[in-house]
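Breakdown of the fold
Here is how the chains run, residue by residue.
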Amino acid sequence: MKLTELKTDAVREPLGFALDPLTLQWQIVAESEADEKAQVRSVRVVIRSGGSAVYDSGEMPGKTADNRDFRPELQLEPRKAYQWRVSMQLDNGTEVSAESCFETGRMQEPWLGRWISTPLDKDKPPVFLRTVTLRQKPVRARAYVCGLGLYEMYIGGRKAGNEFLSPGYHSYDRHLQVQTYDVTDELKAGENELYFLLGDGWFKGRLGFDGGWPDLYGDTYSLLYEIHAEYADGSCEVIVSDGTETAVPSPILFCSIYDGEVYDSRIPLRQAPDERRIPVLLQAPENIGPLCDRRSLPVVKKQEFRVKELIHTPAGETVLDFGQNLTGWVEADVDLPSGASLTLTAAEILQNGNFYHDNMRIARTEFVYISDGRPAHARPHFTFYGFRYMKAETSDGSPVKAEDFRAYHLRSDNDQIGQITTGNPELDRLFQNVLWSQNNNSLDIPTDCPQRDERLGWTGDAQIFSDTACFNMDMTAFYRKYLWDMRAEQETRGGETPNTVPCIHRPMIGDGGSSPWADSAVIIPWNVYRHSGSRSFLEEFYPGMKGWVEFERRKEEAQGGEHLIQGGFHFGDWLALDNDVPGPFGKTDTQFIVNAYYYRCTDILSKAAQILAERKDAVSDAAVNRACFASDAADYRTLAEKIRGTLLKNWFDADGICTIGTQTAAAMAIMFGLNPPSKQAQGDVLSELVRKNGDHLNTGFIGTSILCAALSETGHHEQAVTLLLNEDYPGWLYAVKLGATTIWERWNSVLPDGSMNSEGMNSLDHYSYGAIEAFVYQYICGIRIADDEPGFREVLIEPKYDSRIPVADGSIRTPDGTVRCAYRTDGSGKVSYSIEVPYGTTARVRLPGTEEMILHCGNYEFGKS
């Protein structure tokens, strides 16, 4: 037996993160048959700091120590390193243990450093310089930094940390994240040269489509830092931003999230002449939120790509093909004459063999490097691109060599936990496309797309995909940061959820409260809870969940209806294909959608409140909290039933069938549980609607995510698989057949002849339709979370075999370990099954032709000769 995957607040060894509440997670792995049968007798958690124990749980009965969500009652101190050990005794006498660590940031400690800014042109990025002298080599050193819009810190020419685009994208007007860096290795005795590059980023640069808006949060480059250096003799020295720095014009002449970056290496970065150095200003940025420890996962390089093909197009262009649509940038080894430049321009697709950029709209997506005449390694600093192709141009006609270029995929540093393979190359490519679109749209926030002049945290895309996202990746820490921004935005809007988070507070398509975009405040935390089993997470974001439902409640009460929300702008079943009227809006009545989601969110909220009312390990005001949650549970349960009654009255006939004749409405009625007694009959209606449409879907964002599940739930699994396997338009394999490596915004963003759809909005990296993968995990591979045991503590394994998919193998690394279900046929039609159940998990297994089985830890084979 061993203990692995030790995390603090769902992050491995977090440095400088906000840890409120503090939770610990670990995984128990059985390594033998004896381990599989052993029972955990007791668990003990000890936390130390400075060599002394600051928390000791004592020996706890095994069943009371929640390895998904252990919550020690400990008052943390700022800038402290903590080590924690979990020990476990088994009933066979075996004892195992494992250790991990975390380190707090500044917390609420007053700052010694002061904000500095520059008197240079506000549209020209600066470099802040300083030389500091240390009396000896530190044994431990930490830098606490925040720069606006974006920054990189260097010590002696070496970049601090391995992350990029700090401090990330968040609601700067509500809170401002501080990053903590371990700079022990970078600092030395004697002189240390510090410099900080700054760029526009989301804080200061252009944001929003149709031209967007500059300076949304501020118009000034600003920097704040403290460096705490500890010496072997126990003394400490603190270096802070205090106005003794100087500023010089940056070699970064221009930078923009959408438009790219221009870097002129002829402008000296280090050892700038004294005549170029300008005193800084002691000036704090205006209209920003309070400083706080980070919640964002670091944005890091996750994968490297070499050039797959160097293309010389019919138009005479030189294009680098990296073989995969990805988010990140391209770095190059450059050897050009002084003043000559290399220009890279990003694109997702070629047209007629030539470079194509129109679907980027007005985003320039360029990187320009101007040479100083010396060989150099060039990379962007304060931008990123969504691309498969890069057009490469040299101003002096120097040849472009494929070996000089590398593409790097950048995203937030979270882990893949789920995987599906079938042996069908096209189906497996689809699953890879879903994963790539998820990764490409996970750069600090869940974006709609990573390439054009948008890249915003649209809440509807995020909530529709969130279930699939949690199957594929460990999303707890990533969504925690996003929901932290969302909750902050809700606080200024009376609980209303904006359509984008962070909200850019400028007129775009609607502003907030649009269904089903705004329903993300309830659905995302609920999905994370179901997958992670963390009640602490649910409790942390319960106020935002409640805030949204209460906002809707006040709205419908003010309208005087019987629990019926009326009017307002709503995206509805966005980009559905069933509306005869041109445009992006589907045919399904938006008022039905609004109120169906109102019911769903209220029902979820009542369940969340009941779960929190029953929590036994609350560490503060437990009795009061449980009573409040219990009261909420009863209140929202009653409200949900009243809303459901209104839905049945307005949109269902006497037989309990939804009267809106669309695939989306029928699927919502089934999957939202709007009228359980007529579920099967409603499924038959849905099946007929699909049949009449030539066994093809015509759904949009809402319906597509639940359509196949609704069919399978009501006995029409074969038809659901037909939809999954359709190779023509509209179908998931249509794009795969055309060479897609990501999920598209429209079903036919690219037409069968390879040309782009002229209707516009043709992002080739939009994950919403990738929500189908949750269906494959749950209904084809058959791995489902039990309703009453979140976090895969109990799973229902019920694969649904279809001869058109002769092999299916799905696995998920759950909080307890890997759950796996696979089936395959031997060619004669006989189906065999392989099932893996991790330690601590109970599996209810339903296989064709057998009684339900209860399986515990182990590997099982069924149906093999």
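Since the structure is predicted, the reported quantities are computational estimates derived from the model, not experimental observations. (Residues numbered from 1 in each chain as written. Predicted model: local features only at pLDDT ≥ 70, side-chain atom pairs only at ≥ 80, totals over all residues. Heavy atoms only, no water.)

1. Quick word on unusual backbone geometry
Trans peptide bonds make up the majority, and among non-glycine residues the majority have a negative phi. P21 follows D20 through a cis peptide bond whose omega is 5 degrees. By secondary structure assignment, the location of P21 is in the loop between strand 1 (2–8) and strand 2 (24–29). Put simply, S166 and P167 share a cis peptide bond, and its omega is 10 degrees. Looking at the element boundaries, P167 is found in the loop between strand 12 (158–159) and strand 13 (176–182). Within the chain, A10 stands out as a residue other than glycine whose phi angle is a positive 65 degrees. Phi at D695 takes a positive value of approximately 55 degrees, unusual for a residue other than glycine. Structurally, the position occupied by D695 is in the loop between helix 11 (679–692) and helix 12 (701–713). (Helix = DSSP H or I, 4+ residues; strand = E, 2+ residues; numbered from the N terminus.)

2. Considering the packing of aromatic side chains
For the structure on display, the rule yields 43 aromatic pairs. Where Y860 meets F862, the ring centres are 6.5 Å apart and the plane angle is 15 degrees; that geometry is what we call stacked. A relative accessible area of 22% places Y860 in the partly exposed class. An aromatic cluster is present here, built from W458, W517, F569, F571, W574, F585, F701, W732, W747 and Y769 joined pairwise through their rings. The side chain of R106 reaches across the aromatic face of W111, ending 4.1 Å from its centre. Across from the ring centre of F164, 4.7 Å away, lies the NZ or CZ of K159, which sits over that ring. (Phe/Tyr/Trp six-rings, centres within 6.5 Å; stacked < 30°, edge-to-face > 60°. Buried < 20%, exposed > 50% of the residue type's maximum accessible area, 1.4 Å probe, protein only. Lys NZ or Arg CZ within 6 Å of the ring centre and 35° of its normal.)

3. Examining the nonpolar core
Residues W26, W202, F322, F405, L430, Y479 and F592 are the most contacted members of the largest nonpolar core, which totals 228 residues. With 15 residues, the top contributor of residues to this core is helix 8 (residues 590–613). Within the second largest apolar cluster, 27 residues are counted, among which are Y151, I155, L194 and Y225. (Core = buried A, V, L, I, M, F, W, Y, C linked by side-chain atoms within 4.5 Å.)

4. Brief notes about the packing of helix 5 (residues 476–491) against helix 6 (residues 520–532)
Contact pair helix 5 / helix 6: the axes reach a minimum separation of 11 Å and the direction vectors enclose 155 degrees. Taken together, the axis directions place helix 5 and helix 6 in an arrangement best described as roughly antiparallel. Every pair of crossing elements has a handedness; the one defined by helix 5 and helix 6 is left-handed. Counting all contacts with helix 5, which are made through T476, Y479, Y482, L483, M486 and Q490, the residues of helix 6 involved are S520, A521, I524, P525, V528 and S532. (Axes fitted to C-alpha atoms, helices over the stretch in contact; angles between N-to-C directions. Parallel < 35°, antiparallel > 145°, perpendicular 65-115°, else oblique. Left-handed = near helix turned anticlockwise from the far one by under 90°. Contact = heavy atoms within 4.5 Å.)

5. Quick notes on the pairing of strand 2
Counting buried residues along strand 2, five of its six residues qualify, which places the element largely inside the surrounding structure. Strand direction decides the pairing type here: strand 1 and strand 2, joined by five bridges, are antiparallel. In the strand pairing of strand 2, L3 is matched with I28. (Pairing = 2+ DSSP bridges.)

6. Section: the sheet that holds strand 42 (residues 853–855)
With respect to topology, four strands assemble into an open sheet ordered 36-37-41-42, the strand pairing being mixed. The two strands at the open ends of the sheet, each matched to only one other strand, are strand 36 (783–785) and strand 42. Within this sheet the neighbouring strands show an average axis-to-axis angle of 30 degrees, counted without direction. Here strand 41 (residues 842–845) pairs with strand 42 via three bridges, running antiparallel. Counted as the bridge partner of V845 is M853 from strand 42.

7. Examining helix 11
Taking 1.5 Å per residue as the helical rise, helix 11 with its 14 residues ought to reach 20 Å, and the 20 Å between its terminal C-alpha atoms agrees with that figure. Of the positions making up helix 11, those classed as buried are Q682, G683, L686, S687 and V690. Down the axis of helix 11, the sector holding all buried residues measures 145 degrees, keeping them to one side. On its buried face, helix 11 sits against helix 10 (663–671), helix 12 and helix 13 (717–725). A positive backbone phi angle near 70 degrees is found at G694, which sits one or two residues after helix 11. (Expected span 1.5 Å × (residues − 1). Arc of directions from axis to C-beta.)

8. Some words on helix 10
Within helix 10, eight of the nine residues are buried, which leaves it mostly tucked inside the rest of the structure. Q663, T664, A665, A666, A667, M668, A669 and I670 are the residues of helix 10 that are buried. Buried-residue contacts for helix 10 involve helix 8, helix 11 and helix 12. Downstream of helix 10 by a residue or two, G673 has a phi angle that is positive, lying close to 65 degrees.

9. Side note on the sheet that holds strand 39 (residues 817–825)
If you walk across this open sheet you meet the five strands as 33-38-39-40-43, and the pairing is antiparallel. Across the chains shown, the open sheet's two edge strands, defined by having one partner strand only, are strand 33 (418–421) and strand 43 (858–862). Adjacent strand axes in the sheet meet at a mean angle of 5 degrees when their direction is disregarded. Examined bridge by bridge, strand 38 (residues 807–814) and strand 39 share eight bridges and lie antiparallel to one another. Within the sheet, the bridge partner assigned to G810 lies in strand 39 and is C821.

10. Some words on the pattern of salt bridges
Applying the stated rule across the entire model yields 64 salt bridges. In this structure, R793 engages D66 in a salt bridge whose closest nitrogen and oxygen atoms are separated by 3.2 Å. Residue R793 is located in the loop between strand 36 and strand 37 (794–797), and its partner D66 is located in the loop between strand 5 (60–61) and strand 6 (81–90); the two are separated by 727 residues in the primary sequence. Classification of D66 by relative accessible area gives buried; the value is 16%. Here R142 and D182 are joined by a salt bridge, their closest N and O atoms 3.0 Å apart. In this pair, R142 sits in strand 10 (residues 140–148) while D182 sits in strand 13, placing the two residues 40 residues apart along the sequence. When its relative accessible area of 9% is taken as the criterion, R142 is described as buried. We classify D182 as partly exposed; its relative accessible area is 40%. Through salt bridges with shared partners, one network takes in E103, R140, R142, D182 and E230. (Salt bridge = Lys/Arg side-chain N within 4 Å of Asp/Glu carboxyl O.)

11. Things to note about the state of the cysteines
By the definition in use, this model includes zero disulfides. Left unpaired, C255 is separated from the closest cysteine sulfur, that of C146, by 16 Å. What makes C255 buried here is its relative accessible area of 2%. The thiol sulfur of C292 is not disulfide-bonded, and the nearest other cysteine sulfur, from C146, lies at 8.8 Å. (Disulfide = S-S within 2.5 Å.)

12. As for the side chain of S606
Counting through the fold element by element, S606 comes out in helix 8. S606 sits in the buried class, given a relative accessible area of 4%. Once residues lying within four places of it in the same chain are set aside, the contact partners of S606 are A633, Y636 and R637.

13. Describing the side chain of R493
Residue position: R493 is located in the loop between helix 5 and helix 6. Leaving out residues up to four positions away in the same chain, R493 has contacts with P498, C503, H505, D511, G512 and F551.

14. Here we look at the environment of E552
Among the structural elements, E552 can be located in helix 7 (residues 535–559). Residue E552 is classed as buried on the basis of its relative accessible area, which comes to 4%. In this structure the C-alpha to C-alpha distance between E552 and T714, which are 162 residues apart in sequence, comes to 31 Å. Dropping the residues within four chain positions of it, E552 is found in contact with D519, I565, V594 and Y598.

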